[in-house]
Amino acid sequence: MEQRTGRFRVYRVVESVPHSNFFDTDATRLYTVYQSGYGERQARIDSLRTGDLVEATLAGNPDDSEEAWSIQSVERVGGVRMSFAVDAEMPALAEELWSEGQRHPSSIVIEEDGTPVAELHVQPRDPLPGGSFVPSVLTGLVPMEGTLSVLPSIGGPATHALFLDPDPPDADRYSRPFGVVVLFGEDADAVLTEWHDRYDVDPESDSRPTYDPYGI
């Protein structure tokens, strides 16, 4: 049994899977951890949500990829509030940003009164497992830690992220070869409200879509 102590990004996997994923922001490794069985510490672990940044100690066997790790200690130190909209109409900005055959993410700045307040990114499905966008986000498989930490056009961290998928998570064919994430800085209040209203998302609630990951 070994321990890993550091700073992690929390990805709360859908409720049908009794595990969470912790992304080690320094070592860029993903740890699957048990989500229950913590006794008096269970309430603190249950309060974590997708996008939280925590300082934690994990214990497990690095040589057994089938066995989940356990959380020895955890303290929330920050995070990005993450919202999701699936079966969603793609914004015109994303359609304009996408190029046929694109294999890498690209982005565009969103301004308010001439000031950059957010960024819109298109993520090609091609490198993602099964081409699935939202399931890959929910499990921490979309590589975006650097962007969450510092939005290049703003010079500060993202505070909210809105993930948009034109198709349901369990789709076997996709209407668009990409997904979209809009990352908002701390001064994006008006723009944030506009986007959440557009997609009928409450940023204070857990909007992760319900699906059976074993069916994908």
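These numbers come from a predicted model, not from an experiment.

For this particular structure, what's the right way to read helix α5 (residues 189-198)?
Three or four residues apart is the spacing at which side chains of an α-helix point the same way, because the helix has 3.6 residues per turn. Every buried residue of α5 is accounted for by V191, L192, W195 and H196. All buried residues of α5 lie within an arc of 130° about the axis, which places them on one face of the element. Exposed side of α5, more than 90 degrees from the buried face: D189 and D197 are the residues found there. Residues of α5 that are buried sit in contact with β6 (81-85), β7 (106-112), β8 (115-124), β9 (160-164) and β10 (178-184).

Can you walk me through the layout of surface pockets in this structure?
To find leftover empty space, one rolls a probe the size of a water molecule over the atoms. Quantified by volume, the largest pocket comes out at close to 350 Å³. Along its surface, the largest pocket is lined by 16 residues, and P135, T139, L141, Y211 and P213 are the ones closest to its centre. Every element with two or more residues in the lining of the largest pocket is listed here: β2 (19-24) and α3 (134-138). Of the residues assigned to the lining of the largest pocket, the class counts are nine nonpolar, seven polar and no charged.

How should I be thinking about the packing of aromatic side chains in this particular structure?
Two aromatic rings, taken as a pair, are described by how far apart their centres are and by the angle between their planes. For the structure on display, the rule yields seven aromatic pairs. Aromatic pair F8 and F22: ring centres 5.9 Å apart, planes at 50°, arrangement tilted. One end of the pair, F8, is in strand β1 (residues 2-12); the other, F22, is in strand β2, and 14 residues separate them in sequence. Each ring, one from F8 and one from Y31, has its centre 6.0 Å from the other, and the planes form 80°; the classification is edge-to-face. Here Y31 lies in strand β3 (residues 29-34) and F8 lies in strand β1, a separation of 23 residues in the sequence. For the residue pair F8 and Y31, the accessibility class agrees, reading buried in each case. Through successive ring pairs, a cluster of aromatic residues spans F8, F22, Y31 and W69.

Where do I start with the side chain of D167 in this structure?
Looking at the secondary structure, you find D167 in the loop between β9 and β10. Once residues within four sequence positions are removed from consideration, D167 is found in contact with V86, D87, R125, R173, Y174, S175 and R176.

Cut-offs used in this document
Residue numbering note: each chain is counted from 1, following its sequence as written. This being a predicted model, a pLDDT of at least 70 is required before a residue's local features are given, and a value of 80 or more before pairs of side-chain atoms are given or counted; all residues contribute to the totals for chains, interfaces and linings. Hydrogens are left out, water is left out, and the side-chain values use all remaining heavy atoms of the structure. Using a 1.4 Å probe on the protein chains alone, a residue whose accessible area is under 20% of its type maximum counts as buried, one over 50% counts as exposed, and one in between counts as partly exposed. Put simply, DSSP H or I for four residues or longer makes a helix, DSSP E for two residues or longer makes a strand, and each gets a number counted from the N terminus. What the arc measures is the spread of directions leading from the helix axis to the C-beta atoms. By definition, residues are in contact when any of their heavy atoms lie within 4.5 Å. Method remark: on a 1 Å grid restricted to protein atoms, a set of points is classed as a cavity if a 1.4 Å probe fits but cannot get out and as a pocket if it is open with protein on both sides within 12 Å along at least five of seven lines; lining residues have an atom within 4 Å of a point. Grid points are joined across faces, edges and corners, and a volume is the space filled by probe spheres set on the points. Residues are grouped as follows: Ala, Val, Leu, Ile, Met, Phe, Trp, Tyr, Cys and Pro are nonpolar; Asp, Glu, Lys and Arg are charged; every other residue, Gly included, is polar. Aromatic rings from Phe, Tyr and Trp, with only the six-membered ring used for Trp, were paired whenever their centres fell within 6.5 Å, and each pair was classed as stacked if the ring planes differed by under 30 degrees, edge-to-face if by over 60, and tilted otherwise.

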